Amino acid sequence: MFDPFIAPSGTLLGLLQRGRGDGTLHALAAPRPEALAALNHCVVSDPRHDWQVENRSLYYARLYLDLDGGIEEIERHLADPDDHIDTDDSRTGLALSVLGHLASYGRDDALALLRRYATTGANWTWALDELALRDDDAGLRSLALPVLARFPATDQGAADLAAAVRDSFEPRPWRLWADDPREAVGARVRAAGEQGSFDRWQRQMRPGGPRPGWSVQAVFDWAQQALERGSELHVPAARCLTAVAGPDDLPQIVEAARSGPEGARCAALHYLAETGEPVVLDLIEAAAVSPSRTVAHTAIAAFERMTGEAAVERARSWAHRPDALGASAAGVLACRGTAQDAPQVLGALREAVRGDGPDAPRLWTLVDGAGRLGIVCAAPVLRHVYRETSSSHLRGRAARALAATDPSFATGFAVECLWDCEETTREVAALHAETGDIRVAERLRRLAADPAEEAEVQTAVRSRIGPDTSAV
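What you see is a predicted model; the values in this text were computed from it and never measured.

Rules used throughout
- Residues numbered from 1 in each chain as written.
- Predicted model: local features only at pLDDT ≥ 70, side-chain atom pairs only at ≥ 80, totals over all residues.
- Heavy atoms only, no water.
- Core = buried A, V, L, I, M, F, W, Y, C linked by side-chain atoms within 4.5 Å.
- Buried < 20%, exposed > 50% of the residue type's maximum accessible area, 1.4 Å probe, protein only.
- Helix = DSSP H or I, 4+ residues; strand = E, 2+ residues; numbered from the N terminus.
- 1 Å grid on protein atoms, 1.4 Å probe; cavity = no way out; pocket = protein on both sides within 12 Å on 5 of 7 lines; lining within 4 Å.
- Points joined across faces, edges and corners; volume = space filled by probe spheres on them.
- Nonpolar A, V, L, I, M, F, W, Y, C, P; charged D, E, K, R; others polar.
- pLDDT = per-residue confidence, 0-100.
- Contact = heavy atoms within 4.5 Å.
- Patch = residues over 30% accessible without salt bridge, like charges linked within 9 Å, V, L, I, M, F, W, Y side chains within 5 Å.
- Areas by Shrake-Rupley, 256 points an atom, 1.4 Å probe, with all protein chains shown as cover.
- Salt bridge = Lys/Arg side-chain N within 4 Å of Asp/Glu carboxyl O.
- Lys, Arg positive; Asp, Glu negative; His and termini not counted.
- Charge placed at Lys NZ, Arg CZ, Asp CG, Glu CD.
- Phe/Tyr/Trp six-rings, centres within 6.5 Å; stacked < 30°, edge-to-face > 60°.
- Expected span 1.5 Å × (residues − 1).

Engineer: An account of the nonpolar core is needed here, citing residue identities and associated values.
Structural biologist: Among the nonpolar cores identified, the biggest contains 89 residues, and Phe220, Ile284, Phe303, Leu349, Leu363 and Leu418 are the most heavily contacted of them. With 8 residues, helix H17 (residues 262-275) is the largest single contributor of residues to this core. The next biggest cluster of nonpolar side chains, apart from the first, holds 55 residues, and it includes Leu39, Ala127, Leu143 and Ala178.

Have a look at this one:
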């Protein structure tokens, strides 16, 4: 999947693509056709960089309800001939999830479309999972024959059906169908379930692949062989070293970390970092500038796993470096540093935004660190990250950091965060938004009454609108 085009943050489309609360507020104030066009664009062209962890479906479904929007564009998207060519979940997953939420809000047209797609669409398993959560027993039973017709009465068809039953996220439809008295339904599903259970047992009993011998050198050889095959098993190899290495093996491990083959060197660096051997910090510093990208990346990863005070002290001396080790050291200070490290964390935060933009991967720890250390003068940079990042998770982290650093957060961004696409961001907003704003009090009541809202958000909301508070 190609990275999606994200419109500027000041546009309605850009706000909706990012899942910002202001997107909903601007859409409700915009001409309805314009708002629906932007909303449909987002749903049929998934704007998320990481669709597996970022939330948008409930956010878009709520906006469909607020705009009284139809689902014709979603139906056209699902019925497109590309559905059977581009079968990746990312093409239709967002649209199906939006339909699922709409069905849970009582939209019969969304429920009917999910049923149709489950019988004809390429991503039918996702649609079936949505229906498993929202449809009634009669509706699910009506899908048994069309779904089972996907699996021909051949050995391969039986194997595919067993895999579908075994790997389903929501087993409710299959359990209903297993009780069906018809031979073509109940008997087939029960047989597939038994075969799936047998397949799972076989996989559990089957050896997981080559294993290292019971010596330090054997572990090093195993790690090197894995790397030559294209697998990086440095961390598992380090755990094996923990089991087999004794005090007398330390010189061999240190030498491997200093100049061994790549696989052995990486395993040794991870092992020494885990055990906290004092020499490992010098070895990491040397490895971080290795011409081997694998060794350099492993050295930095090993350093970031260290939790002792010695690692924090060394991070203070490395944080000024203009290379990857310096960036890693700033991240360590953000996670485990103290107030004295605030200037270095702030400098790294500014440099990351200036050099790599508001979506830089290293911003996650630096934004968290700015909030954890309460760096008040970081608020302007955090506000920029909040506005511009296309990652809803990073925006949520920026919101939490702003809650700790920006006195204006409660009357500013916290208000729009009540409409944000991420439940953790709505939770932060529910705890901090100034209830003197009439929009806040009304939104808190609506979230408290919405059965689709996450329990953590509702708990935060009720802490603000209980019987003894002024928000009611």
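Still more ground to cover, so stick around.
Engineer: So what's going on with empty space enclosed by the protein? Which residues, and what values?
Structural biologist: Per the stated rule, a full pass over the model turns up 1 cavity of 30 Å³ or more. The volume enclosed by the largest cavity comes to roughly 70 Å³. Lining the largest cavity, in full, are Thr24, Tyr59, Arg62, Leu63, Asp66, Trp419, Asp420, Arg426 and Arg443. For the lining of the largest cavity, the element with the highest residue contribution is helix H4 (residues 57-67), accounting for 4 residues. When the residues that make up the lining of the largest cavity are grouped by side-chain class, the tally is 3 nonpolar, 1 polar and 5 charged.

Engineer: Please give an account of the confidence of the model for the protein that cites residues and values.
Structural biologist: Per-residue confidence for the protein gives a mean pLDDT of 91; residues scoring 70 or more make up 94%. Contacts from residues 468-472, a stretch scored under 50 in pLDDT, to residues over four places away or in other chains number 11 contacts.

Engineer: Describe a negative patch on the surface, with residues and values.
Structural biologist: Among the surface-exposed residues, Asp80, Asp82, Asp86, Asp88 and Asp89 lie close enough to one another that they form a single negatively charged patch. One can find Asp82 in the loop between helix H5 (72-79) and helix H6 (89-104). Here Asp82 falls in the partly exposed class, since its relative accessible area comes to 40%.

Engineer: Give a detailed account of the side chain of Gln224, specifying residues and quantitative values.
Structural biologist: Mapped onto the elements, Gln224 comes out in helix H14 (residues 216-228). By relative accessible area, which is 18% here, Gln224 ends up buried. Contacts of Gln224, omitting those with residues within four sequence positions, involve Pro261, Glu262, Gly263 and Ala264.

Engineer: Tell me what's going on with the packing of aromatic side chains, and back it up with residues and numbers.
Structural biologist: Following the criterion strictly, the structure yields 6 aromatic pairs and no others. Ring centres 5.9 Å apart and planes at 75° place the aromatic pair Trp124 and Phe151 in the edge-to-face group. Here the residue Trp124 occupies a position in helix H8 (residues 124-134), and Phe151 occupies one in the loop between helix H10 (144-148) and helix H11 (155-167), the gap between them amounting to 27 residues. The same class applies to Trp124 and to Phe151, which are both buried. Relative to Trp318, the ring of Phe303 has its centre 5.0 Å away and its plane inclined at 65°; by these criteria the two rings are edge-to-face. Here the residue Phe303 occupies a position in helix H19 (residues 293-304), and Trp318 occupies one in helix H20 (residues 309-318), the gap between them amounting to 15 residues. Neither residue differs from the other here; Phe303 and Trp318 are each classed as buried.

Engineer: An account of H19 is requested, with residue identities and associated values reported.
Structural biologist: Taking 1.5 Å as the rise per residue, H19 with 12 residues should run 16 Å; its terminal C-alpha atoms sit 17 Å apart, in good agreement. Among the residues making up H19, those that are buried are Val295, Ala296, Thr298, Ala299, Ile300, Ala302 and Phe303. Considering only its buried residues, H19 is in contact with helix H15 (234-244), H17, helix H18 (280-287), H20 and helix H21 (324-336).

Engineer: Provide a residue-level description of unusual backbone geometry, including the pertinent values.
Structural biologist: Positive phi, normally seen in glycine, also occurs at Asp68, with a value near 50°. Mapping Asp68 onto the fold places it in the loop between H4 and H5. The class of Asp68 is exposed, set by a relative accessible area of 59%.

Engineer: Please give an account of the layout of surface pockets that cites residues and values.
Structural biologist: Counted as a void, the largest pocket has a volume near 820 Å³. Trp51, Ser57, Ser97, Trp126 and Glu130 are, among the 34 residues lining the largest pocket, the residues nearest its centre. Only H4, H6, H8, H11 and helix H27 (423-432) provide two or more residues apiece to the lining of the largest pocket. The leading source of residues in the lining of the largest pocket is H8, at 8 residues. Residues belonging to the lining of the largest pocket are distributed by class as follows: 14 nonpolar, 8 polar and 12 charged. Space inside the second largest pocket adds up to approximately 290 Å³. Ile300, Glu304, Ala327, Ser328 and Thr365 are, among the 15 residues lining the second largest pocket, the residues nearest its centre. Mapped by element, the contributors of at least two residues to the lining of the second largest pocket are H19, H21 and helix H23 (363-372). No other element matches H21, which puts 7 residues into the lining of the second largest pocket.

Engineer: Kindly report on the pattern of salt bridges, identifying the contributing residues and their values.
Structural biologist: In the structure shown here, the tally under the stated rule is 32 salt bridges. Glu313 is the partner of Arg316 in a salt bridge, and the nearest nitrogen-oxygen pair spans 2.7 Å. Separated by 3 residues within a single helix, Arg316 and Glu313 lie in helix H20, roughly one turn from each other. Arg316 sits in the buried class, given a relative accessible area of 14%. Residues joined in a network through salt bridges with shared partners are Asp282, Glu285, Arg314, Arg321 and Asp323.

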